[in-house]
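# Descriptive analysis of the structure
The primary structure of each chain is shown beneath.
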Amino acid sequence: MIEILSTSELARARVTGALVADILQALRKRSIAGTNLLEIDRWAREMIIGAGAQSCYVDYAPSFGRGPFGHYICTAVNDAVLHGLPHDYALADGDLLTLDLAVLKGGIAADAAISFVVGPSGRAEDAVMIATTERALAAGIAVARPGARTGDISYAIGAVLSAAGYPINTEFGGHGIGSTMHQEPHITNNGRPGRGYALRPGLLLALEPWVMADTAELVTDPDGWTLRSVTGSRTAHSEHTIAITDSGAEILTLPTSATQ
Ligand code: MF3
Ligand code: CO
């Protein structure tokens, strides 16, 4: 299913997007040495419910996970990259944390992810890897406009990741989003320009470049959800939900000034 949003639905998408971004920023501030991943999950739950929104994750039971997710946010530490199931773990200075959050409010979902290093002093190569996924995301957004194709976005993202020397996994990538979190079209993090679905105003997309430092191969954690790098190398992930507009793309998951 591919949905094209009406003007009033787009207005609601902006509200959901800002909420997701603000919750992520608030949780980022609270993610210090000693913070437990289960606390982050509890705070996410409180903020989602407090805002009158619903979790897209808690009852989610896709083929790539074991049963309903049962939590409100994905927390992925170091070698964990996607679908990180919150568990009893206290963060340490230097940990590389990815928070990935999708919620539904007013009938419209938004999805975003941030990666950052906990504490004042991280590894230089982690900062480079995180910045690379952010640049790849910006490059994908920059080519998203009516008439461009999903392959143009994939190509733009993949070009940044490859130029920086990261292997690319194309099993999990970006996706359409709207009244539900995961919709067509699928947007791999590498691809051929000029191919795929032609973008139209009113289309919402979640773009999400992610990398592992030295491999493209994932391994599933015994928890049945968390995906890690097979080599144990560190990972990074950056995601925004965007709306295709008449002239380009609007990023919906930017934090509002109140939380920056
Ligand atoms: N929000 C994730 C994505 O970026 C999906 C997480 S699914 C979950 O598409 F079940 F693990 F939460
Ligand atoms: Co997503």
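If you check an unreviewed UniProt entry, the chain appears there as Methionine aminopeptidase from Arthrobacter cheniae. Under the UniProt heading Subunit (unreviewed entry), the entry covering the chain gives this text: "Monomer." Turning to the chain, the UniProt record has this under Catalytic activity (unreviewed entry): "Release of N-terminal amino acids, preferentially methionine, from peptides and arylamides."

Quick look at the overall build of the chain now. For the chain, the count of helices and strands is 4 helices and 14 strands. With the C-alpha coordinates aligned to their principal axes, the bounding extent of the chain is approximately 45 × 40 × 35 Å. As presented, the chain carries roughly 10,400 Å² of accessible surface, and 53% of it is formed by carbon and sulfur atoms. If the 18 positive side-chain charges of the chain are averaged to one point and the 27 negative ones to another, these points end up 5 Å apart.

Within the secondary structure layout, Glu239 lies in the loop between β12 (235–237) and β13 (240–244). One buried charge, Glu239, has no salt-bridge partner; the nearest side chain with opposite charge is Arg28, at 14 Å. Apart from residues lying up to four places away in sequence, Glu239 is in contact with Asp100, Asp111, Ala112, Ala113, Leu137, His175, Ala206, Leu207, Glu208 and Thr253.

This part is about the UniProt feature "binding site: a divalent metal cation 1" (unreviewed entry) in the chain. Residues annotated by UniProt as "binding site: a divalent metal cation 1" (unreviewed entry) correspond here to Asp100, Asp111 and Glu239. Across 140 residues in sequence, these annotated residues keep their C-alpha atoms within 8.0 Å of one another, forming a single compact spot. Structurally, the position occupied by Asp100 is in strand β4 (residues 96–105). By relative accessible area, which is 8% here, Asp100 ends up buried. Excluding anything up to four places from it in sequence, Asp100 contacts Tyr57, Ile73, Cys74, Asp111, Ala112, Ala113, Glu208, His237 and Glu239. Within the local environment of Asp100, its side chain forms a polar contact with the side chain of Tyr57, the two groups lying 2.8 Å apart.

Looking now at the coordination of the cobalt ion (ligand 2). Bound to the cobalt ion (ligand 2) on the protein side are Asp111 (OD), His175 (NE2), Glu208 (OE) and Glu239 (OE), at distances that span 2.1 Å. Relative to the metal, the 6 donor atoms surrounding the cobalt ion (ligand 2) lie at angles of 54 to 174°, and the coordination shape comes out irregular. Counting residues between consecutive donors of the cobalt ion (ligand 2) along the chain gives the motif D-x63-H-x32-E-x30-E. Within this pair, whereas Glu208 is found in the loop between β8 (204–207) and β9 (210–212), its partner Glu239 is found in the loop between β12 and β13, the two being separated by 31 residues in sequence. By the burial criterion, Glu208 is buried, and Glu239 matches it.

Now for the UniProt feature "binding site: substrate" (unreviewed entry) in the chain. The UniProt record annotates "binding site: substrate" (unreviewed entry) at His83 and His182. The named residues occupy 100 residues along the chain; their greatest pairwise C-alpha distance, 13.6 Å, places them in one compact cluster. Structurally, His83 is set in the loop between β3 (80–82) and β4. Setting aside anything within four residues of it in sequence, one finds His83 in contact with Phe64, Phe69, Cys74, Phe172, Trp225, Thr226 and Leu227. Note that His182 resides in the loop between β6 (174–176) and β7 (183–187).

On to the sheet that holds β3. With antiparallel pairing, 3 strands are arranged side by side in an open sheet as β3-β11-β10. With one partner strand each, in any of the chains shown, β3 and β10 (218–220) form the two edges of the open sheet. On average, each strand axis in the sheet is tilted by 45° relative to the strand beside it, whichever way the strands run. Inspection of the sheet shows β3 paired to strand β11 (residues 227–229) by 2 bridges, in the antiparallel sense. Bridge pairing links Leu82 to Leu227 in β11.

We now examine the site of ligand 1. Contacts to ligand 1 come from Tyr57, Tyr60, Phe69, Cys74, His83, Asp100, Asp111, His175, His182, Glu208, Trp225 and Glu239. Between a nitrogen atom of ligand 1 and a side-chain N or O atom of Asp111, the distance comes to 3.0 Å. In the model, an oxygen atom of ligand 1 is placed 2.7 Å from a nitrogen or oxygen of the His182 side chain. For ligand 1, the accessible surface in isolation is 340 Å², of which the surrounding protein chains cover 97%. The class makeup of the residues in the shell around ligand 1 is 5 nonpolar, 3 polar and 4 charged.

What counts and how
- Residues numbered from 1 in each chain as written.
- Chains lettered and ligands numbered in written order.
- Predicted model: local features only at pLDDT ≥ 70, side-chain atom pairs only at ≥ 80, totals over all residues.
- Heavy atoms only, no water.
- UniProt positions renumbered as here; feature names shortened; annotations may be inferred.
- Helix = DSSP H or I, 4+ residues; strand = E, 2+ residues; numbered from the N terminus.
- Areas by Shrake-Rupley, 256 points an atom, 1.4 Å probe, with all protein chains shown as cover.
- Lys, Arg positive; Asp, Glu negative; His and termini not counted.
- Charge placed at Lys NZ, Arg CZ, Asp CG, Glu CD.
- Buried < 20%, exposed > 50% of the residue type's maximum accessible area, 1.4 Å probe, protein only.
- Salt bridge = Lys/Arg side-chain N within 4 Å of Asp/Glu carboxyl O.
- Contact = heavy atoms within 4.5 Å.
- Polar contact = N/O pair within 3.5 Å; in protein donor to acceptor, adjacent residues only side chain to side chain.
- Donors = N, O, S within 2.8 Å, 3.2 Å for Na, K, Ca; no water.
- Tetrahedral: all angles 85-135°; square planar, octahedral: opposite > 155°, others 65-115°.
- Pairing = 2+ DSSP bridges.
- Axes fitted to C-alpha atoms, helices over the stretch in contact; angles between N-to-C directions.
- Near = heavy atom within 4 Å.
- Nonpolar A, V, L, I, M, F, W, Y, C, P; charged D, E, K, R; others polar.

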